[in-house]
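Listed below are the residues making up each chain.
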Amino acid sequence: MTTDSTLYTIAVFSENHVGLLSRLSNIFTRRCLNIESISASACSIPGVHKITITCHSDPEMMDKVIKQIEKIIDVIKAFCYTDSQLVYQEVALYKVPTSTMLRENHVEEIIRRHGARILEITPDYTVIEKTGHYSETENLFEELKRYDIKQFVRSGRVAITRSPIEHVDIYLHDRQKQEPLK
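Residues numbered from 1 in each chain as written. Predicted model: local features only at pLDDT ≥ 70, side-chain atom pairs only at ≥ 80, totals over all residues. Heavy atoms only, no water.

Engineer: Which residues make up the overall build of the protein, and what are the values?
Structural biologist: Counting secondary structure elements, the protein contains 6 helices and 9 strands. A globule of 182 residues ought to have a C-alpha radius of gyration of about 16 Å, yet the protein, at 20 Å, is considerably larger. Taken over the C-alpha atoms alone, the protein extends approximately 70 × 40 × 30 Å along its principal axes. Residues classed as buried in the protein amount to 38% of the 182 residues present. Long-range contacts, defined as pairs at least 24 residues apart, comprise 76% of the intrachain contacts of the protein with a sequence gap of at least 6. (Helix = DSSP H or I, 4+ residues; strand = E, 2+ residues; numbered from the N terminus. Rg over C-alpha atoms; globule rule 2.2 N^0.38 Å. Buried < 20%, exposed > 50% of the residue type's maximum accessible area, 1.4 Å probe, protein only. Contact = heavy atoms within 4.5 Å.)

Engineer: Which residues make up empty space enclosed by the protein, and what values do they have?
Structural biologist: Applying the stated rule across the entire model yields 1 cavity of 30 Å³ or more. Here the largest cavity is characterised by a volume of approximately 40 Å³. Considering the residues around the largest cavity, the lining is formed by Thr 9, Ala 11, Lys 50, Thr 52, Tyr 81, Leu 86, Ala 159, Ile 160 and Thr 161. Considering every element that reaches the lining of the largest cavity, the biggest residue donor is strand E9 (residues 158-161), with 3 residues. (1 Å grid on protein atoms, 1.4 Å probe; cavity = no way out; pocket = protein on both sides within 12 Å on 5 of 7 lines; lining within 4 Å. Points joined across faces, edges and corners; volume = space filled by probe spheres on them.)

Engineer: Describe the packing of helix H4 (residues 105-113) against helix H5 (residues 134-144), listing the residues and the values that go with them.
Structural biologist: Where H4 meets H5, the closest approach of the two axes is 11 Å, and the angle between their N-to-C directions is 175 degrees. Taken together, the axis directions place H4 and H5 in an arrangement best described as roughly antiparallel. Residues Val 107, Ile 110 and Arg 113 of H4 form the contact with H5, whose own contacting residues are Leu 140, Glu 143 and Leu 144. In terms of residue class, the contact of H4 with H5 is built from 4 nonpolar, no polar and 2 charged. (Axes fitted to C-alpha atoms, helices over the stretch in contact; angles between N-to-C directions. Parallel < 35°, antiparallel > 145°, perpendicular 65-115°, else oblique. Nonpolar A, V, L, I, M, F, W, Y, C, P; charged D, E, K, R; others polar.)

Engineer: Mind laying out the sheet that holds strand E4 (residues 75-81), listing which residues take part and the relevant values?
Structural biologist: Strands sit in the order E2-E3-E1-E4 across an open sheet of 4 strands; the sheet is antiparallel. Each of the sheet's edge strands pairs with one partner strand only, and the pair in question is strand E2 (35-42) and E4. Across the sheet, the mean angle separating the axes of adjacent strands is 15 degrees when strand polarity is ignored. Here strand E1 (residues 6-14) pairs with E4 via 6 bridges, running antiparallel. Each bridged residue has a counterpart across the sheet, and for Ile 10 the counterpart in E4 is Cys 80. Relative to strand E3 (residues 49-57), helix H1 (residues 20-30) is tilted by about 15 degrees, and along the sheet it contacts E1, E2, E3 and E4. (Pairing = 2+ DSSP bridges.)

Right, dumping it as structure tokens:
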């Protein structure tokens, strides 16, 4: 990590082709940057996927990364954001023994206090879901640790911009205007 390290969120809009995640990962690896989280899904534009990557770095390095990402043939456009420019969330799932839930009254209070919800209860386990920022899902994990968490998983960040428009829409519109008519 560099001395001026900020968590950046990179939004990569692309076609959905095999090997793209590997090529993206290589860009970060070559620069000794660790990917903190990654998520991918279809976006609002038909046929276009959005890959959201978080990484600690500095502005100069992020500019280089974005330029390198945009050289990949399958990539339509990439953007880099700071947290203040985004609305974002993660989802975390926690599996605790149901016997612990029944024996310890505090677990239900912890779940309520954190705004989490129970997804499934079986005789053996209870699955709890928490949606929020990293610190929120991590705080719940820390509190539930003493109740014998059997499994824990957290998704990558999903994010949308605070901008009233999608930046890739502007890019695609401008590109379409520049293409000659056939």
